[in-house]
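Here is how the chains run, residue by residue.
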Amino acid sequence: MGQLCQCAVGHPGSRCVHSWEAPGAGPDHHHGSCTDLQRNLPRAIFISIPLVTFVYVFANVAYVTAMSPQELLASNAVAVTFGEKLLGVMAWIMPISVALSTFGGVNGSLFTSSRLFFAGAREGHLPSVLAMIHVKRCTPIPALLFTCISTLLMLVTSDMYTLINYVGFINYLFYGVTVAGQIVLRWKKPNILRPIKVNLLFPIIYLLFWAFLLVFSLWSEPVVCGIGLAIMLTGVPVYFLGVYWQHKPRCFNKFIELLTLVSQKMCVVVYPKVEEDSETEEIREDTKLQNQSIYQPPASKDKDAVEP
């Protein structure tokens with residue numbers, strides 16, 4: 001995921017989306033390249049957005065046509081009510097379809113969230129154990145477990161609709177910040193390599209709609225948005241404690257090293273061996289001091305963990 005993001009924003013030397021091999025008996029992995037990404041990513045966007053828009057619009061047209069406004073307002077699950085009214089004995093198709101769609105969305109979120117933790121750990125913003133992969137299956141087991149634990153913590157709330165509002169607002173806020181980052185990079189680093197380069201008109205139009213909806217959300221649901229912002233800001237002290245504060249007590253570093261070693265043994269994970277060209281290695285050497293994590297174990301222990 002980290003290589004994919006680097007490739008998408010034009011990171012020099014990131015010619016492959018994924019290109020690492022697991023130490024030991026693990027298989028080699030070479031998944032795609034920026035050339036394929038440049039051709040397939042716009043194609044996927046141009047196909048998926050109109051298709052999804054078509055399905056959603058005509059689904060709502062079907063609901064409005066078959067049901068009265070009173071039935072729409074009284075229904076807790078419009079699709080299920082629609083199926084019960086029109087499909088008869090085959091009404092079970094609607095809840096099954098909704099369940100399959102939900103599982104598909106959760107599956108995609110699981111892969112995406114864990115890889116985001118994995119990429120963040122590789123950049124030194126999270127504990128280094130999250131940047132490790134299984135020695136045989138080459139999957140980020142610690143990142144997946146961390147995703148599972150954080151999900152279970154969010155499920156302790158009794159009001160599912162409130163949780164959906166919190167998560168939806170936070171995700172929507174970060175979507176806008178991410179798109180704004182593209183404009184900032186285009187302004188501050190205009191000469192970096194960009195395998196995929198889009199017209200700035202598109203992110204600007206998106207940000208205009210994003211700002212309108214964000215202001216409307218803050219005005220209509222100030223409590224929900226405020227709590228969502230508070231949840232998001234809990235990451236600030238974690239950042240200062242884990243990344244910004246470099247000179248930590250030796251006992252703290254020893255504890256983190258021990259915790260990392262125990263996690264490695266429990267999950268059977270090691271650091272991936274990344275294949276990089278000379279240009280990428282020089283870039284990583286230049287930014288090593290800036291992104292160095294206080295969680296990173298010493299090189300000798302890393303070597304012992306990789307070569308059992």
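Residues numbered from 1 in each chain as written. Predicted model: local features only at pLDDT ≥ 70, side-chain atom pairs only at ≥ 80, totals over all residues. Heavy atoms only, no water.

S.K.: Outline the overall build of the chain, supporting the account with residue identities and numerical values.
M.R.: Looking only at helices and strands, one finds 13 helices and five strands in the chain. The 308 residues of the chain split such that 28% are buried. Taking contacts inside the chain between residues at least 6 apart in sequence as the whole, the part at least 24 apart equals 64%. When the accessible surface of the chain is summed, it comes to about 20500 Å², and 70% of that surface belongs to carbon and sulfur atoms. (Helix = DSSP H or I, 4+ residues; strand = E, 2+ residues; numbered from the N terminus. Buried < 20%, exposed > 50% of the residue type's maximum accessible area, 1.4 Å probe, protein only. Contact = heavy atoms within 4.5 Å. Areas by Shrake-Rupley, 256 points an atom, 1.4 Å probe, with all protein chains shown as cover.)

S.K.: I'd love a proper account of the UniProt feature "transmembrane region" (unreviewed entry) in the chain, names of residues and values included.
M.R.: Within the UniProt annotation, "transmembrane region" (unreviewed entry) is assigned to residues 45-66, 86-106, 138-157, 163-187, 199-220 and 226-245. Taken end to end, residues 86-106 is 71% helix and 0% strand, and its first and last C-alpha atoms sit 29 Å apart. With 91% helix and 0% strand, residues 199-220 has its two end C-alpha atoms placed 33 Å apart. (UniProt positions renumbered as here; feature names shortened; annotations may be inferred.)

S.K.: Outline the packing of helix 5 (residues 93-122) against helix 6 (residues 141-154), listing residues and values.
M.R.: Orientation of helix 5 relative to helix 6, taken along the N-to-C sense of each, is 115 degrees, at an axis distance of 8 Å. For the pair helix 5 and helix 6, the crossing hand works out as right-handed. Of the residues in helix 6, those in contact with Leu110, Ser113, Ser114, Arg115, Phe117 and Phe118 of helix 5 are Ala143, Leu144, Phe146 and Thr147. (Axes fitted to C-alpha atoms, helices over the stretch in contact; angles between N-to-C directions. Left-handed = near helix turned anticlockwise from the far one by under 90°.)

S.K.: Quick one: what's the story with helix 5, residue by residue and with numbers?
M.R.: For an α-helix the count is 3.6 residues per turn, leaving residues at separations of three or four pointing the same way. Along its 30 residues, helix 5 runs 44 Å from first to last C-alpha, staying within 8% of the 44 Å computed at 1.5 Å per residue. Along helix 5, the residues classified as buried are Met94, Ser114, Arg115, Phe118, Ala119, Gly120, Ala121 and Arg122. Where helix 5 terminates, the next one or two residues include glycine 124, which has phi positive at roughly 90 degrees. (Expected span 1.5 Å × (residues − 1).)

S.K.: With reference to specific residues and values, describe the confidence of the model for the chain.
M.R.: Summary statistics for the chain give a mean pLDDT of 75 and a share of 77% for residues scoring 70 or more. Strand 3 (residues 133-134) holds the highest mean pLDDT among the elements of the chain, 88, whereas strand 1 (residues 18-21) holds the lowest, 36. Between residues 1-34, whose pLDDT stays under 50, and residues either more than four places distant or in other chains, the model counts 88 contacts. A low-confidence stretch, residues 286-308 (pLDDT under 50), is modelled with 32 contacts involving residues beyond four sequence positions or located in other chains. (pLDDT = per-residue confidence, 0-100.)

S.K.: Tell me about helix 8 (residues 201-220), and name the residues and values.
M.R.: In a regular helix each residue adds 1.5 Å, so 20 residues correspond to 28 Å; helix 8 covers 29 Å between its end C-alpha atoms and thus fits that length. In this fold, the buried residues of helix 8 make contact with helix 7 (160-188).

S.K.: Now, about a nonpolar patch on the surface: what can you tell me, with residues and values included?
M.R.: A cluster of nonpolar side chains, namely Leu51, Val52, Phe54, Val55, Tyr56, Val57, Phe58 and Val61, defines an oily patch on the protein surface of about 790 Å² accessible area. In this structure, valine 55 sits in helix 2 (residues 34-66). (Patch = residues over 30% accessible without salt bridge, like charges linked within 9 Å, V, L, I, M, F, W, Y side chains within 5 Å. Salt bridge = Lys/Arg side-chain N within 4 Å of Asp/Glu carboxyl O.)

S.K.: I'd like a rundown of the pattern of salt bridges, residues and numbers included.
M.R.: According to the stated counting rule, one finds one salt bridge in the structure shown. Between lysine 85 and glutamate 71 there is a salt bridge, with its nearest N and O atoms 2.9 Å apart. With lysine 85 in helix 4 (residues 78-86) and glutamate 71 in helix 3 (residues 69-74), the pair connects residues that are 14 residues apart, well separated along the chain.

S.K.: Explain the environment of isoleucine 204 to me, using residue names and the numbers behind them.
M.R.: Along the chain, isoleucine 204 falls in helix 8. Given the relative accessible area of 41%, isoleucine 204 is considered partly exposed. In this structure the C-alpha to C-alpha distance between isoleucine 204 and alanine 180, which are 24 residues apart in sequence, comes to 8.2 Å.

S.K.: For the packing of aromatic side chains, give the residues involved together with the corresponding values.
M.R.: Aromatic rings in a pair are described by how distant their centres are and how their planes are angled relative to each other. If you walk through the whole model with that rule in mind, you get seven aromatic pairs. Ring plane angle 40 degrees and centroid distance 4.5 Å describe the contact between phenylalanine 54 and phenylalanine 58, whose orientation is recorded as tilted. Taken together, the residues phenylalanine 54 and phenylalanine 58, both in helix 2 and four residues apart, mark about one turn of the helix. (Phe/Tyr/Trp six-rings, centres within 6.5 Å; stacked < 30°, edge-to-face > 60°.)

S.K.: Outline the side chain of histidine 134, supporting the account with residue identities and numerical values.
M.R.: Looking at where histidine 134 falls in the secondary structure, it is placed in strand 3. Within the structure, the side chain of histidine 134 is placed 3.1 Å from the backbone nitrogen of lysine 136, a separation counted as a polar contact. (Polar contact = N/O pair within 3.5 Å; in protein donor to acceptor, adjacent residues only side chain to side chain.)

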